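# Remarks on the overall topology
Residue strings, one per chain:
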Amino acid sequence: PIYLPHQPIILNAVITNGKSYPNQNVDEQWSRTSLELGLDLTTNTGDLLVHANGDNLATPMEYILIGSEVVTTQIAIYRSEGSRLKFDPIVLFLRSSCLSGTDE
């Protein structure tokens with residue numbers, strides 16, 4: 001696709017809880033998982049704005065998934081005015097919420 005300078009780049013991220021067991025009910029709490037989706041700020045050398053569902057990913061977003069729940073998140077990447085159309089790659093991460101604040 002071609003993106004004009006004033007248009008965001010739109011991505012869809014599908015997040016799935018893989019804790020699926022044959023005898024579980026979909027809403028059983030023991031199959032719950034907490035995940036964080038965020039942006040590795042050290043990779044954002046092009047001063048891009050990266051949002052997930054309208055919120056800035058500079059602060060990670062938490063997702064709590066139960067059973068084999070699936071969530072689709074829309075990620076939008078905005079370039080600042082006057083920035084180049086080409087920019088270095090950025091790194092998004094998906095980690096367990098219990099790793100929040102660590103380098104893992």
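In case you missed it, the structure is sitting above this.
Throughout what follows, the structure given in this document is the object of discussion. (Residues numbered from 1 in each chain as written. Predicted model: local features only at pLDDT ≥ 70, side-chain atom pairs only at ≥ 80, totals over all residues. Heavy atoms only, no water.)

## Section: the pairing of strand β5 (residues 61–65)
Residues Met61, Tyr63 and Leu65 of β5 are buried on one face, while the alternating residues Glu62 and Ile64, pointing to the opposite face, are not. As paired strands, strand β2 (residues 33–39) and β5 are joined by five bridges and run antiparallel to one another. Bridging from a neighbouring strand, Leu37 pairs with Met61 of β5. (Buried < 20%, exposed > 50% of the residue type's maximum accessible area, 1.4 Å probe, protein only. Helix = DSSP H or I, 4+ residues; strand = E, 2+ residues; numbered from the N terminus. Pairing = 2+ DSSP bridges.)

## Describing the environment of Ser68
Positionally, Ser68 belongs in the loop between β5 and β6 (70–78). Separated by 35 residues in the primary sequence, Ser68 and Thr33 place their C-alpha atoms 9.9 Å from one another.

## A few points about the sheet that holds strand β4 (residues 55–56)
With antiparallel pairing, four strands are arranged side by side in an open sheet as β1-β6-β3-β4. Edge positions in the sheet fall to β1 (9–16) and β4, since each of these pairs with one other strand and no more. Relative to β6, β1 is paired through eight bridges, and the arrangement is antiparallel. Within β6, the position partnered with Leu11 by the bridge is Ile75.

## A word on the sheet that holds β5
Spatially, β5-β2-β7 is the arrangement adopted by the three strands of the open sheet, whose pairing is antiparallel. The open sheet has two edge strands, β5 and β7 (92–96), and neither has a second partner. Strand-to-strand twist across the sheet, computed as the mean angle between neighbouring axes with direction ignored, equals 25 degrees. With five bridges joining them, β2 and β7 adopt antiparallel strand pairing. By the bridge assignment, Leu37 is partnered in β7 with Leu94. (Axes fitted to C-alpha atoms, helices over the stretch in contact; angles between N-to-C directions.)

## What about the nonpolar core?
Ranked by internal contacts, the top residues of the largest apolar core, which has 17 residues, are Val50, Ala52, Leu57, Tyr63, Ile75 and Ile77. Secondary-structure elements contributing two or more residues to this core are β1, β2, β3 (49–52), β5 and β6. Tyr63 has contacts with Ile15, Thr33, Ser34, Leu35, Leu37, Ala52, Asn53, Val71 and Thr73, leaving out every residue within four places of it along the chain. (Core = buried A, V, L, I, M, F, W, Y, C linked by side-chain atoms within 4.5 Å. Contact = heavy atoms within 4.5 Å.)

Honestly, it's all geometry; don't read function into it.
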